[in-house]
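Secondary and tertiary structure notes
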Amino acid sequence: MKDMGNIKLWLWVFFLMIIVANGCLDEERSALLELQADMMSSNGGTLYVWAGYNESGFVDYCSWPGVKCSLATGRVIKLDLIQATYGSMDGWNFNASLFLPFKSLQVLHLSAYSITGGTKIEGIDKLSHLTNLKVLDLQYNLVHPNVLSSLCWISSLEVLKLSGFTWWKNYNVHIGEGSAKCPGLSNLRVLLLEGYRINDISILSALGLGTHIGLKKLEKLYLSDNSFNSSIFSSLKDLPSLTHLDLSYNEIDGKIEMSDIVALSNLKFMNLQGNKFESFVTTKDTPM
């Protein structure tokens, strides 16, 4: 009798798990359709196959272009909205709350999506609630670098892509002294921040450079097509895991202090193409 009771208990737990799982999947299906409606109402761009229904019944959203689901749980783990879109994308007012139902989301691609918002993108720090989010791609949007003080709260990130938009090339971007101090992107391994004409290293401080845990695992840093000078090297000493550094097409000139390069003890690759520096020199004590 005791064994029969245990079997009934496990069956009850099993069916309860199925009910909960189906509820989660229904929530995600509805969230995708809400995301579609929001984008279409904002700018006319169309998530062209996210129709939700067809003549044979409800379409499996895991088969929609740009959507990838876990084989184990059926939950959405990747959203690539570039794959799923055509039409005019002329200024989508980004709303991070629309992504919160996707609790298993690991990868979010919003590259070239014409997100608007100037120095603020509404509630982007809410993405920190997506504790499984590892890759965030916001490249080639009209996004001001000041949003970094919000992005830095997404501590689960391992890859952050923020390479710039041509529109920013006419500006020298500075991070004001009042910017929020990032608690630290402690898991970030790859950062792309190219094409903004940045000349202020404090933009990396906004992501946690110099804090106790911020950027300590960063391995690859891409800063090409900015306006950094040779002083940037001394600021990168707080990146102990750095192996790849791209500073091509900046404004590095004169002489580069060799001790600052040696301090990057794990550095394997550095790209300085398109700069006008003269040579490496040793004017400080260089560790052997």
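The structure displayed is predicted, hence computed values, not measured ones.

1. Remarks on the sheet that holds strand E13 (residues 220-222)
- Strands sit in the order E4-E5-E8-E10-E11-E12-E13-E14-E16 across an open sheet of nine strands; the sheet is mixed. Both edges of this open sheet fall to strand E4 (67-69) and strand E16 (269-271), since each of them pairs with a single strand only. When strand polarity is set aside, the average angle formed by the axes of neighbouring strands in this sheet is 5°.
- Across three bridges, strand E11 (residues 159-161) lies against strand E12 (residues 190-192) in parallel orientation. Residue pairing across strands places Val159 opposite Val190, the latter belonging to E12.

2. Comments concerning the packing of aromatic side chains
- Per the stated rule, a full pass over the model turns up two aromatic pairs.
- Look at Tyr61 and Trp64: their rings are 6.3 Å apart centre to centre, the planes differ by 70°, and that puts the pair in the edge-to-face class.
- The class of Trp64 is buried, set by a relative accessible area of 3%.

3. Thoughts on the side chain of Asp80
- Positionally, Asp80 belongs in strand E5 (residues 76-80).
- Of the buried charged residues, Asp80 lacks a salt bridge, with Lys78 as the closest side chain of opposite charge at 4.9 Å.
- The contact partners of Asp80, leaving out residues within four places of it in the chain, are Gly66 and His109.

4. Digging into the nonpolar core
- Of all hydrophobic cores here, the largest spans 63 residues; its most connected members are Phe99, Leu127, Leu151, Leu160 and Leu221.
- Going through the elements one at a time, helix H1 (2-43), E4, E5, helix H2 (148-151), helix H3 (202-205) and helix H4 (232-235) are the ones with two or more residues in this core.
- The element best represented in this core is H1, accounting for five residues.
- Setting aside residues up to four positions removed in sequence, Leu160 forms contacts with Leu136, Leu151, Leu185, Leu188, Val190, Leu191, Leu192 and Leu207.
- In terms of nonpolar packing, the next biggest core, distinct from the first, is built from five residues, Val107, Val135, Val159 and Val190 among them.

5. Details of the state of the cysteines
- With the rule as written, the count across this model stands at one disulfide.
- Sulfur-sulfur distance for the disulfide between Cys62 and Cys69 comes to 2.1 Å. Its torsion about the S-S bond being -95°, the disulfide of Cys62 and Cys69 is classed as left-handed.

6. Topic: the environment of Pro65
- Topologically, Pro65 is positioned in the loop between strand E3 (57-58) and E4.
- Placed 16 residues apart in sequence, Pro65 and Leu81 show a C-alpha to C-alpha distance of 8.3 Å.

7. A look at the pattern of salt bridges
- Scanning the entire structure with this criterion turns up six salt bridges.
- A salt bridge links Arg29 to Asp26; the nearest nitrogen and oxygen atoms lie 2.7 Å apart. In this pair, Arg29 and Asp26 both sit in helix H1, three residues apart, roughly one turn of the helix.
- Residue classification places Arg29 among the partly exposed residues on the basis of a relative accessible area of 21%.

8. Structural notes on the pairing of E5
- The buried fraction of E5 amounts to four of the five residues, a majority that puts the element mostly inside the structure.
- Taking the residues between adjacent antiparallel strands as the criterion, E4 and E5 are bridged by six residues, where Gly74 takes a positive phi near 80°.
- Two elements, E5 and strand E8 (residues 107-109), share three bridges in a ladder whose sense is parallel. Among the inter-strand pairings, Asp80 is bridged to a residue of E8, identified as His109.

9. Structural notes on unusual backbone geometry
- Unlike most non-glycine residues, Asp225 shows phi in positive territory, near 60°.
- Position of Asp225 among the secondary structure elements: in the loop between E13 and H4.
- For Tyr249, which is not glycine, the phi torsion reads 55° and is therefore positive.
- Inspection of the secondary structure assignment puts Tyr249 in the loop between strand E14 (244-246) and strand E15 (253-257).
- Residue class for Tyr249 comes out partly exposed when judged on its relative accessible area of 44%.

10. Comments concerning the confidence of the model for the protein
- When pLDDT is averaged along the protein, the result is 76, and 68% of the positions lie at 70 or above.
- No element of the protein has a lower mean pLDDT than strand E2 (residues 53-54), which averages 42, and none a higher one than E14, which averages 97.
- Low pLDDT (under 50) marks residues 11-23, which in the prediction has zero contacts with non-local residues, meaning those over four places away or in another chain.
- A low-confidence stretch, residues 166-180 stays under pLDDT 50, and its non-local contacts, those more than four residues away or across chains, total 32 contacts.

What counts, and where the lines are drawn
- Throughout this document, residue positions are counted from 1 along each chain, in the order its sequence is written.
- Given that this is a predicted model, residues contribute local features only at a pLDDT of at least 70 and side-chain atom pairs are listed and counted only at 80 or more, while totals for whole chains, interfaces and linings are drawn from all residues.
- Only hydrogens and water are set aside; all other atoms, that is, all heavy atoms of the structure, feed into the side-chain values.
- Between any two strands, pairing holds if DSSP finds at least two bridges.
- Per the convention used, a helix needs a DSSP run of H or I reaching at least four residues, while a strand needs a run of E reaching at least two, with both numbered from the N terminus.
- The axes are straight lines fitted to the C-alpha atoms, using for helices just the contacting stretch, and the angles between their N-to-C directions are given from 0 to 180°.
- Only centres within 6.5 Å qualify two rings of Phe, Tyr or Trp (six-membered ring in Trp) as a pair; their planes then separate them into stacked at under 30 degrees, edge-to-face at over 60, and tilted for everything else.
- Buried residues are those whose accessible area, probed at 1.4 Å on protein chains only, stays under 20% of the maximum for their type, while exposed residues exceed 50% and partly exposed ones sit between those limits.
- Only four residue types enter the tally: Lys and Arg on the positive side, Asp and Glu on the negative side, with His and both chain ends excluded.
- A pairing counts as a salt bridge when a side-chain nitrogen of Lys or Arg comes within 4 Å of a carboxyl oxygen of Asp or Glu.
- It only takes one pair of heavy atoms within 4.5 Å for two residues to be counted as in contact.
- Only buried Ala, Val, Leu, Ile, Met, Phe, Trp, Tyr and Cys residues count toward a nonpolar core, and they belong to the same one when joined by side-chain atoms within 4.5 Å.
- For the purposes of this analysis, a disulfide is any pair of cysteine sulfur atoms at a distance within 2.5 Å.
- The predictor attaches a confidence to each residue, and that confidence, scored 0 to 100, is pLDDT.

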